[in-house]
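Read off the chains here:
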Amino acid sequence: MKRTAEIVLAVIGALGYAFTAALGGFMIWLQNNKGLMEEVFNETIEQNPELGMSDMEVMLDALGTGGWLFAIASVVAVILGIVAIVLLKGNKKPVVAGIIFIATAVIVAIVTSGAGILAGLFYLIAGVMALVRKPKQVFEE
């Protein structure tokens, strides 16, 4: 049985997680680029004078922590997606691949607080399809 639909959905999901990993990398870059962040924060302070420098430190810490979280979770999701695609290829172990897809989609969506939910939907659909679709049975007379 061909598993083309599951593989296509998995590749789209992996690309979505790669985008989320790039977003995490951008957040890490922003945290390390304090000059640019100070400029942005100074412009924000002009508009909202009640903000202070401690708020900037909190924001930079949140950027760094969230960036690392997005990057690591998304890279792990891409790796697990590749493993599941290999298991789907040739219809080797579609049940295991489906479980990997579903578990990855749910866990990464929770860990990233919903940032990886769009890519997770593709993994979730591919996982359900891998579990539900059964090979055609040939009846011998």
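Below you will find a few notes about this structure. Just so you know, these numbers come straight off a predicted model, no measurement behind them.

### Description of the nonpolar core
Counting 20 residues, the largest nonpolar core has Y17, L88, F101 and Y123 as its most contacted members. Mapped onto this core, the elements with two or more residues apiece are α1 (4-32), α3 (53-88), α4 (94-111) and α5 (117-132). No other element matches α3, which puts six residues into this core. When sequence neighbours within four positions are dropped, the list of residues in contact with F101 reads A10, G81, A84, I85, L88, Y123, A126 and G127. Core analysis: the second largest hydrophobic core is formed by eight residues, M27, L30, L60 and F70 among them.

### Overview of a nonpolar patch on the surface
A cluster of nonpolar side chains, namely V106, I110, I117, L118, L121, L124, V128 and V132, defines an oily patch on the protein surface of about 730 Å² accessible area. Counting residues per element, the ones that place at least two in the nonpolar patch are α4 and α5. Broken down by element, the nonpolar patch gets its largest block of residues, six residues, from α5. Inspection of the secondary structure assignment puts L118 in helix α5.

What counts and what doesn't
- Residues numbered from 1 in each chain as written.
- Predicted model: local features only at pLDDT ≥ 70, side-chain atom pairs only at ≥ 80, totals over all residues.
- Heavy atoms only, no water.
- Core = buried A, V, L, I, M, F, W, Y, C linked by side-chain atoms within 4.5 Å.
- Buried < 20%, exposed > 50% of the residue type's maximum accessible area, 1.4 Å probe, protein only.
- Helix = DSSP H or I, 4+ residues; strand = E, 2+ residues; numbered from the N terminus.
- Contact = heavy atoms within 4.5 Å.
- Patch = residues over 30% accessible without salt bridge, like charges linked within 9 Å, V, L, I, M, F, W, Y side chains within 5 Å.
- Areas by Shrake-Rupley, 256 points an atom, 1.4 Å probe, with all protein chains shown as cover.
- Salt bridge = Lys/Arg side-chain N within 4 Å of Asp/Glu carboxyl O.

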